[in-house]
Amino acid sequence: MTTNPGARSAEATSLDGRTFTFETDRAVPFRAGDMVLLRAAGAAALGQVRRTTAGTHGGTSHGEGAVLMALDADGAPVRGEVPPFLDATIDGAPASLLAAFQHAAGATLPVGSWRGSTVDAVALLRAGGFNRHTFLCGQSGSGKTYALGVLLEQLLLATDLRLVVLDPNADFVRLGEVRPDAPGPASDRLGGGAVRVLRADGSGGEPLRMRFATMPARAQAALLQLDPVADRGEYSQFLRTVASLKDGSVPHLVAHLLDGSADERALGQRIENLGMQDWEVWARDLPSAAEVIREGPRATVLDLGGFHHPLEPLAVSLDVLEDLWARRAERVPTLVVIDEAHNLCSAEPGVAVQERVTERIAQIAAEGRKYGLWLLLSTQRPSKIHPQVLSQCDNLALMRMNSTADLDELAAVFGFVPPAMLQASPHFLQGEMLLAGAFVPVPTLARVGARLTFEGGSDVPVPLSGLTRHG
């Protein structure tokens, strides 16, 4: 086995075969997150550095880490206990050993390269680990949207998982458009209608629509901003009216109410005043988004932008979430991807429909796993996500984050992440990330790999003057 010639050696000790410490009288040779090869008399193991402390004024530097897996005589990972050891050498683990370790742990999804001071290797995720809820966060400019695209591509390539993507900024509307330089298998799996895109105006895809009549009564009432206590009269009238109608579409409902009693007219006026009759989102004779998802495409991207009324994106998201929950007993493995998740599961939801959306997402977070309903939430600020939702996440993908308060919150929620690796986040370059949880064999610092499909959205550039361009 060949180690990285650029790594410095040190002496390591393990009293339990599960953790180790090391020290050196030179500069610290490793950083938190580095994978190392530990070799003692008659034994060898793969380990990971979790914390380092630099010596002062030329003093001894220290570090500690976890022993991950024993190695056989040929240097290959094997199951079995690692005996305690003294005076072991510690060197950077070679790329071949990292590859073998990840494959032994069931990681096969390439998402980029290992970011470490000792070696460059492919960083792999465990597809099976996405049966836990996942939280992806990073401040603006960290590369979060690009990284999410890489994750979605790899899930489409390597699994038959159904993806439902709630996309507020049209960032993933080209998820089914494969780049010319992508390998052939990627074109076969990602192209050819594997991804269906639903948009407000139907451009570049199909119309994004919903049905009011098929929603649960509480969801319908949330759209009408009816409170069962504060609006008990109208709420009761609404329940009676909806139960009696064969056609519960909004236009038919309003026409019926305005031609009825005083209480019915008041309810009809409420709908008129909310402008719901003019919403573009009603399906009428078109399929709804929930119906499209039921048809079984590999991925359905819902472009939530483009509607004229601000409640329409919330309404169609609620309709889809309600339908997925209502059909949970079918146990169709489904990953619900929510970009800019603070819009749909806010820590402080505003209007009634947003409260209902948040409530449904929280229920999926708490109970959805046993039905095969899993969440992948992406946002810039963890503090903006409803705490009941965030606390249910078991996977973390963290990109650059400068906020100390946000990092403290992540440390509290994701207590299994080594603190030193978490605290490296403010110094990440664009595209660098920390991966930890069930979907990765070991906490990993990685650089995101290249996209196979085209990005949908893009930032608006600053216009430059002629003097700037030609000066």
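Given the structure is predicted, the values throughout are model-derived calculations rather than measurements.

Participant: Provide a residue-level description of the overall build of the protein chain, including the pertinent values.
Facilitator: For the protein chain, the helix and strand inventory stands at 14 helices and 19 strands. Along the three orthogonal principal directions, the C-alpha set of the protein chain runs to about 90 × 55 × 45 Å. Going through the 471 residues of the protein chain one by one, you find that 51% of them count as buried. Within the protein chain, residue pairs in contact and separated by at least 24 positions form 70% of the contacts whose partners lie at least 6 positions apart. Across the protein chain, the 42 positively charged side chains and the 53 negatively charged ones have centroids separated by 2 Å.

Participant: Kindly report on the pairing of strand β12 (residues 195-199), identifying the contributing residues and their values.
Facilitator: β12 sits mainly inside the fold: five of its five residues count as buried. What you see with β12 is no split at all: V195, V197 and R199 on one side and R196 and L198 on the other are buried throughout. Taken together, the four bridges between β12 and strand β14 (residues 299-303) define a ladder with parallel strand orientation. Following the sheet pairing, L198 is matched in β14 by L302. Of the pairings in the sheet, the one linking β12 to strand β13 (residues 206-207) comprises two bridges and is parallel in character. By the bridge assignment, L198 is partnered in β13 with E206.

Participant: Go over the confidence of the model for the protein chain, please, and point to the residues and values.
Facilitator: On average, residues of the protein chain score 90 in pLDDT, and 92% of them are at 70 or above. Contacts of residues 1-8 to residues separated by more than four positions or lying in other chains number 21 contacts, the stretch itself having pLDDT below 50.

Participant: Explain helix α12 (residues 404-413) to me, and be specific about the residues and the numbers.
Facilitator: If you check which residues of α12 are buried, you get D406, L407 and L410. The arc enclosing the buried residues of α12, seen along the axis, measures out at 100°, which places them on a common side. Those residues of α12 that are exposed and aimed more than 90 degrees away from the buried face are T404, A405 and A412.

Participant: Quick rundown of the packing of helix α5 (residues 232-244) against helix α7 (residues 262-274)? Include the residues and the values.
Facilitator: Where α5 contacts α7, the two axes come as close as 10 Å, and the packing angle between them is 95°. Here α7 runs roughly perpendicular to α5, going by the angle between their axes. Listed contacts from α7 to E234, Q237, F238 and T241 of α5 are D263, E264, A266, L267 and R270. When its residues are assigned to classes, the contact of α5 with α7 shows three nonpolar, two polar and four charged.

Participant: Could you give an account of the side chain of Q220, with specific residues and numbers?
Facilitator: Mapped onto the fold, Q220 is located in helix α4 (residues 217-223). Side-chain polar atoms of Q220 contact the backbone oxygen of F212, separated by 2.7 Å. Each residue touching Q220, except ones within four places of it in the same chain, is listed here: F212, A213, M215, F238 and V242.

Participant: How would you sum up the packing of aromatic side chains? Please name residues and give values.
Facilitator: Under the defined criterion, the tally for this structure stands at seven aromatic pairs. Where F212 meets W282, the ring centres are 6.0 Å apart and the plane angle is 85°; that geometry is what we call edge-to-face. Of this pair, F212 sits in the loop between β13 and α4 while W282 sits in the loop between α7 and α8 (289-294), and the two are 70 residues apart along the sequence. For the pair F414 and F416, a centre-to-centre distance of 6.0 Å together with 90° between the ring planes defines the contact as edge-to-face. The class for F414 is buried, based on a relative accessible area of 1%. Taking relative accessible area as the criterion, F416 reaches 41% and is therefore assigned partly exposed. Put simply, the rings of F135, F414 and F416 touch in pairs and so form one group of aromatic residues. The cationic tip of R451 hangs over the ring face of Y146; the distance from NZ or CZ to the ring centre is 5.8 Å.

Participant: Describe the sheet that holds β13, and please don't skip the residues or the numbers.
Facilitator: In sheet architecture, strand pairing relies on hydrogen bonds along the backbone and comes in two forms, parallel and antiparallel. Strand order in the open sheet formed by 12 strands is β9-β8-β19-β18-β17-β10-β16-β15-β11-β14-β12-β13, and the pairing between neighbours is mixed. In the strand order of this sheet, the two ends are held by β9 (122-125) and β13, each with one partner. Relative to strand β19 (residues 444-448), strand β8 (residues 109-114) runs antiparallel, the two being bridged by three bridges. Along β19, the bridge assignment pairs W114 with A446. Sheet contacts for helix α1 (residues 95-104): β8 and β9; angle to β9, the most-contacted strand, approximately 5°.

Participant: Please set out unusual backbone geometry residue by residue, giving values where relevant.
Facilitator: Unlike most non-glycine residues, A170 shows phi in positive territory, near 55°. Mapped onto the elements of the fold, A170 is located in the loop between β11 (162-167) and α3 (184-190). In this structure, R331 takes a positive phi of about 55° despite not being glycine. One can find R331 in the loop between α9 (311-326) and β15 (334-338).

Participant: I'd like to hear about the pairing of strand β16 (residues 373-379), residue by residue, with values.
Facilitator: Where burial is concerned, most of β16 is hidden: seven out of the seven residues are buried. Every second residue of β16 is oriented toward a common face, with L373, L375, L377 and T379 on one face and W374, L376 and S378 on the other, all of them buried. As judged from the four bridges shared by strand β10 (residues 133-137) and β16, these two strands associate in the parallel manner. Residue pairing across strands places F135 opposite L377, the latter belonging to β16. Here β15 pairs with β16 via five bridges, running parallel. Note on β16: the bridge partner recorded for I338 is L377.

Rules used throughout
Residues numbered from 1 in each chain as written. Predicted model: local features only at pLDDT ≥ 70, side-chain atom pairs only at ≥ 80, totals over all residues. Heavy atoms only, no water. Helix = DSSP H or I, 4+ residues; strand = E, 2+ residues; numbered from the N terminus. Buried < 20%, exposed > 50% of the residue type's maximum accessible area, 1.4 Å probe, protein only. Contact = heavy atoms within 4.5 Å. Lys, Arg positive; Asp, Glu negative; His and termini not counted. Charge placed at Lys NZ, Arg CZ, Asp CG, Glu CD. Pairing = 2+ DSSP bridges. pLDDT = per-residue confidence, 0-100. Arc of directions from axis to C-beta. Axes fitted to C-alpha atoms, helices over the stretch in contact; angles between N-to-C directions. Parallel < 35°, antiparallel > 145°, perpendicular 65-115°, else oblique. Nonpolar A, V, L, I, M, F, W, Y, C, P; charged D, E, K, R; others polar. Polar contact = N/O pair within 3.5 Å; in protein donor to acceptor, adjacent residues only side chain to side chain. Phe/Tyr/Trp six-rings, centres within 6.5 Å; stacked < 30°, edge-to-face > 60°. Lys NZ or Arg CZ within 6 Å of the ring centre and 35° of its normal.

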